[in-house]
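Structure assessment
So you can see what is in the structure, the chains are spelled out below.
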Amino acid sequence: MVKVTYCGHSCFHLDDGTHRILFDPFLTGNPKARARPGDFARLDAVLVSHGHADHLGDAVELSKRCRAPIIAPFELAVFCQRRGAHVHGMHIGGSHAFEFGRVKLTIAHHGSAFIDKTTEYTGNPCGFLVRLGGLLFYHAGDTGLFSDMKLLSELDAIDVAFLPIGDNFTMGPDDAAKAVEFLRPRYAVPMHYGTFEILEPDASRFVHRAQGRGAELAPMEVGETREFS
Ligand code: NI
Ligand code: MN
């Protein structure tokens, strides 16, 4: 059993009773987030899919405070390390067994750079396959639809898929519905919507389009915790 808490945008907190991991911790500056970096006293890892501010978020601060490694594509890991974070760099197609479980990086069709006054390249964006508490989670990061999602479901049975549905920067509801068909997860949890004006405002269109494609559609409210087993 794994307790999943939706912290807003693409940020999820997973707790299997022993280990706690956090994906894409965009908390500070997220108008819809309820959690604050200070709410997380203990983390075993912070997984960051790419360098855009709405995913990197508070990762460096959380890594320092919790002494938790940032697991990210290599170039982004080095970027975080230069800012004082503990890191574990990986790359697409590679997997590694951490104490909490195995992590594998998948492709994601998107960009990845830290954009401030200058633009710093942070490698390729990625998605994550994470084995935790006996379940296989897929966090797609920011991505467009790709047919290799079929390969992911062929290689392993995905229990819970976190999929962007917001459109404009990532898959919209129609393509995300197709992703559900390709990935065949037991549960599909939408993300990356409602945060900014330009994104799909809610999950209703996705739920409508993805119905009947084999997965239980499980949109979560920001701040909601749900147990998956
Ligand atoms: Ni992005
Ligand atoms: Mn994004």
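Everything below is about the structure printed above this text.
Described in the following lines is the structure provided in the data block.

Criteria and cut-off values
Residues numbered from 1 in each chain as written. Chains lettered and ligands numbered in written order. Predicted model: local features only at pLDDT ≥ 70, side-chain atom pairs only at ≥ 80, totals over all residues. Heavy atoms only, no water. Phe/Tyr/Trp six-rings, centres within 6.5 Å; stacked < 30°, edge-to-face > 60°. Buried < 20%, exposed > 50% of the residue type's maximum accessible area, 1.4 Å probe, protein only. Helix = DSSP H or I, 4+ residues; strand = E, 2+ residues; numbered from the N terminus. Lys NZ or Arg CZ within 6 Å of the ring centre and 35° of its normal. Pairing = 2+ DSSP bridges. Right-handed = clockwise from strand over helix to strand, strands pointing away. Donors = N, O, S within 2.8 Å, 3.2 Å for Na, K, Ca; no water.

For the structure shown, the criterion picks out 9 aromatic pairs. Centre to centre, the rings of tyrosine 6 and phenylalanine 12 are 4.7 Å apart; their planes meet at 25 degrees, and the pair counts as stacked. Residues tyrosine 6 and phenylalanine 12 agree in their burial class; the two are buried. Where phenylalanine 12 meets phenylalanine 162, the ring centres are 4.0 Å apart and the plane angle is 25 degrees; that geometry is what we call stacked. Taken as a pair, phenylalanine 12 in strand S2 (residues 11-15) and phenylalanine 162 in strand S13 (residues 160-164) lie far apart in primary sequence, 150 residues in all. Accessibility assignment for this pair places phenylalanine 12 and phenylalanine 162 in one class, buried. One aromatic cluster is present, built from ring pairs that chain together Tyr6, Phe12, Phe23, Phe128, Phe137 and Phe162. The lysine or arginine in question, arginine 83, covers the ring of phenylalanine 79, its NZ or CZ lying 3.6 Å from the ring centre.

Another point: the pairing of strand S14 (residues 187-191). Across the 5 residues that make up S14, a large majority, 5, are buried. With burial as the criterion, each face of S14 is covered, one bearing Tyr187, Val189 and Met191 and the other bearing Ala188 and Pro190. As paired elements, S13 and S14 share 5 bridges and run parallel to each other. Each bridged residue has a counterpart across the sheet, and for proline 164 the counterpart in S14 is methionine 191. Each parallel crossover has a hand, and for S13 linked through helix H5 (residues 173-183) to S14 it is right-handed. As paired elements, S14 and strand S15 (residues 216-217) share 2 bridges and run parallel to each other. Across the sheet, the residue bridging to alanine 188 is leucine 217, located in S15.

With that settled, consider the coordination of the manganese ion (ligand 2). The reference angle at a metal is 109.5 degrees if four donors form a tetrahedron and 90 or 180 degrees if six donors form an octahedron. Around the manganese ion (ligand 2), the protein contributes the donor atoms Asp54 (OD), His55 (NE2), Asp142 (OD) and His192 (NE2), at 2.2 to 2.3 Å from the metal centre. Here the donor residues of the manganese ion (ligand 2) are spaced in sequence according to D-H-x86-D-x49-H.

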